[in-house]
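# Structural description and commentary
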Amino acid sequence: MSTTVSANRAFFNQLRKYYTWYTGGFIAFVIVLAILEQMGLPRVWIGYSFLFATIALYAGIGIMSRTAEVAEYYVAGRRVPALFNGMATGADWMSAASFIGMAGTLYLLGFDGLGFVVGWTGGYVLVALLLAPYLRKFGQFTIPDFLGARYGGNIARSIGIFAAILCSFTYVVAQIYGVGIITSFFIGVPFEIGVFLGLAGILVCSFLGGMRAVTWTQVAQYIILIIAYLIPVIWLSVKITGIPIPQLVYGQVL
Amino acid sequence: MQQTEKHREYWRRNLKITGILLAIWFVVTYVMAWFAIPLAEINFFGWPLSFYMAAQGSLIIYVIIIWFYARYMRKLDLEYGVDEGDQA
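A brief report on the enclosed structure follows. Counting restarts for each chain: residues are numbered from 1 in the order of the written sequence. The order in which chains are written sets their letters, starting at A; the order in which ligands are written sets their numbers, starting at 1. Reporting in this predicted model follows two pLDDT cut-offs: at least 70 for local features of residues, and 80 or more for side-chain atom pairs to be given and counted; totals over whole chains, interfaces and linings ignore these cut-offs and use all residues. Hydrogens and water molecules were not included; the side-chain quantities draw on all heavy atoms of the structure.

## Thoughts on the overall build of chain A
Stated formally: Secondary structure follows DSSP: runs of H or I at least 4 residues long count as helices, runs of E at least 2 residues long count as strands, and numbering of each begins at the N terminus. For every residue, the accessible area obtained with a 1.4 Å probe (protein chains only) is divided by the maximum for its type, and the residue is called buried under 20%, exposed over 50%, and partly exposed between those limits. By definition in these notes, contact holds between two residues if any of their heavy atoms fall within 4.5 Å. Surface exposure here means Shrake-Rupley accessible area, sampled with a 1.4 Å probe, where a residue is shielded only by the protein chains that are shown. In summary, the charge assignment counts Lys and Arg as positive and Asp and Glu as negative, without counting His or the chain termini. Where a charge lies is defined by one atom per residue type: Lys uses NZ, Arg uses CZ, Asp uses CG and Glu uses CD.
Looking only at helices and strands, one finds 11 helices and zero strands in chain A. The order of α-helices and β-strands along chain A, N terminus first, is α-α-α-α-α-α-α-α-α-α-α. By residue count, 31% of the 254 residues in chain A fall in the buried class. Put simply, of all contacts in chain A between residues at least 6 apart along the chain, 64% involve residues at least 24 apart. Summed over its atoms, the accessible surface of chain A is roughly 15,400 Å², and 74% of this surface lies on carbon and sulfur atoms. Averaging the positions of the 13 positive and the 7 negative side-chain charges in chain A gives two centres separated by 13 Å.

## Observations regarding helix α1 (residues 5-34) of chain B
Threshold: To estimate the expected span of a helix, count its residues, drop one, and scale the result by 1.5 Å. Two axes enter the bend calculation: one fitted to the seven residues ending at the residue in question, the other to the seven starting there, and the bend is the angle between them.
Taking 1.5 Å as the rise per residue, α1(B) with 30 residues should run 44 Å; its terminal C-alpha atoms sit 42 Å apart, in good agreement. Where α1(B) bends most, the angle comes to about 30°, and this point is B:Val27. For α1(B), every residue scored as buried is listed here: B:Tyr10, B:Asn14, B:Ile17, B:Thr18, B:Leu21, B:Trp25, B:Val28 and B:Thr29. In the core, the buried residues of α1(B) are packed alongside α6 (114-138) of chain A together with α3 (49-79) of chain B.

## Quick word on the interface of chain A and chain B
Selection rule: The term buried area refers to how much accessible surface (probe radius 1.4 Å) is lost by two components on association, counted for both of them together. What makes a salt bridge here is a side-chain nitrogen of Lys or Arg within 4 Å of a carboxyl oxygen of Asp or Glu, nothing more. For the purposes of these results, a polar contact is taken to be a pair of N or O atoms within 3.5 Å, where, inside protein, one atom must be able to donate a hydrogen and its partner to accept one; residues adjacent in sequence count only when each atom of the pair is a side-chain atom.
Tallying the contact residues gives 28 residues for chain A and 29 residues for chain B. In total, chain A and chain B occlude about 2,500 Å² of area from one another, counting both sides; carbon and sulfur atoms represent 70% of this. Taken together, the links from chain A to chain B amount to zero salt bridges. Linking chain A with chain B are three residue pairs in polar contact (both at pLDDT 80 or more), by the criterion used here. At the level of secondary structure, the elements contributing two or more residues to the side of chain A that touches chain B comprise α1 (2-38), α6 and α11 (246-249) of chain A. The biggest single contributor to the side of chain A that touches chain B is α6(A), with 15 residues.

## As for the packing of helix α5 (residues 96-109) of chain A against helix α8 (residues 154-187) of chain A
Residues and elements named next belong to chain A. What counts is decided by this rule: Here, axes are lines fitted to C-alpha atoms. For helices the fit covers the stretch in contact, and angles between N-to-C directions go from 0 to 180 degrees. We call two directions roughly parallel when the angle between them is under 35 degrees, roughly antiparallel when it is over 145, roughly perpendicular when it lies between 65 and 115, and oblique otherwise.
Two elements in contact, α5 and α8, have axes whose closest approach is 8 Å; the angle formed by their N-to-C orientations is 80°. Judged by the angle between their axes, α5 and α8 are roughly perpendicular. Of the residues in α8, those in contact with Ala96, Ala97 and Ile100 of α5 are Ala174, Gln175, Gly178 and Ile182.

## Overview of the pattern of salt bridges
Residues and elements named next belong to chain B. Scanning the model with the defined rule gives five salt bridges over all chains in all. One salt bridge connects Arg12 with Glu5, and the closest N-O pair in it is separated by 3.6 Å. Residue classification places Arg12 among the partly exposed residues on the basis of a relative accessible area of 49%. The partly exposed category is assigned to Glu5, whose relative accessible area is 48%. Through salt bridges that share partners, Glu5, Arg8 and Arg12 make up one connected network.

## Focus on the side chain of B:Gln56
Tracing the backbone shows B:Gln56 in helix α3. Its relative accessible area of 11% is what places B:Gln56 among the buried residues.

## Section: a nonpolar patch on the surface
Residue and element names in this part refer to chain A. Put simply, the rule is: Patch definition: residues above 30% relative accessible area lacking any salt bridge, with like charges linked at up to 9 Å and the nonpolar side chains Val, Leu, Ile, Met, Phe, Trp and Tyr linked at up to 5 Å.
On the surface, a cluster of nonpolar side chains totalling about 560 Å² of accessible area is made up of Ile27, Ile31, Val32, Ile35, Leu36 and Met39. You can see Leu36 is positioned in helix α1. Taking relative accessible area as the criterion, Leu36 reaches 32% and is therefore assigned partly exposed.

## Quick notes on the packing of aromatic side chains
All names here are of chain A. Spelled out, the test is: In this analysis, rings of Phe, Tyr and Trp, with Trp reduced to its six-membered ring, are considered paired at centre separations within 6.5 Å, and the interplanar angle assigns stacked below 30 degrees, edge-to-face beyond 60, and tilted for intermediate values. Note on criteria: charge over ring means Lys NZ or Arg CZ within 6 Å of the ring centre, with the direction from the centre no more than 35 degrees off the ring normal.
Under the definition given, this model contains 20 aromatic pairs over all chains. On the numbers, 6.2 Å between centres and 20° between planes, the contact of Tyr48 with Phe52 is stacked. One end of the pair, Tyr48, and the other, Phe52, are both in helix α2 (residues 43-64), four residues apart, so they sit about a helical turn from each other. Counting every residue linked through ring pairs, the aromatic cluster contains Phe11, Phe12, Tyr19, Tyr22, Phe84 and Trp216. Directly above the aromatic system of Tyr151 lies the positively charged group of Arg150, at a separation of 4.6 Å from the ring centroid.

If you want it as structure tokens, here you go:
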């Protein structure tokens, strides 16, 4: 047991080193782009370089984490440290649909729009308390598998499959739509082609490495997303209220 | 595996903490939303209370619930000797 603990600690430290370097690289990349913009690089080229650099990065992580082992493919070997798993989950939370859709949704619907936020955050509580611990203890890979093993028979399993398809479908439609908009906006192709280009990128990133690749690309995305979320709101908060912590003060401007 | 009295006690405590936390979750999620209109009258540091709860408060409470559950269950696992010993 002590050997696994020390092996896990080494794994954790290695990951922390990788992602610290990655964050530094990302900040340097943004600074280089900013300097190039000052020197007169056209906006469309900034779009191109940002899009392709990040896709290349995610594809690189995807190819590096390729695996043929079932446990690695479905559950990343069950050994993602909690901090990194939280970052990957956070990246899911802040994904394309939230990034593009939520601000507009809240602006349009007001208080009612917050139902989305409460719903998909509150859902994590149900998963954490009712499903995740038992899924892990039963050693299953998917929720329908777990329900089938726990309750026996195919009825519970079918309900699980139906729920999984229902949730994934609504989630994926919103995400794919977002991917299409971003791709067509950045590289100036029609929306329909942008969707397929985006899907090809996702396929490269996730198909070879399954959950292992997805988790490590999600951690990388988390770092970009959290920076991209925080800078604009902190900026606005300083401009409007003079205090750089928007969470505390935005009640004033409602 | 033979279920001992100890296992049953572990499971009772597991169910109890899950029940308590889900009750908090229910109040934060549904009761707060149900009484959103009267609660909006209350001013909470510049926000209407129901708006603050939906936008930030409930999310903070959710995170605390998950953190507390993970910590509690980890202690319980160690206490009853069913820990898997795989955390860094």
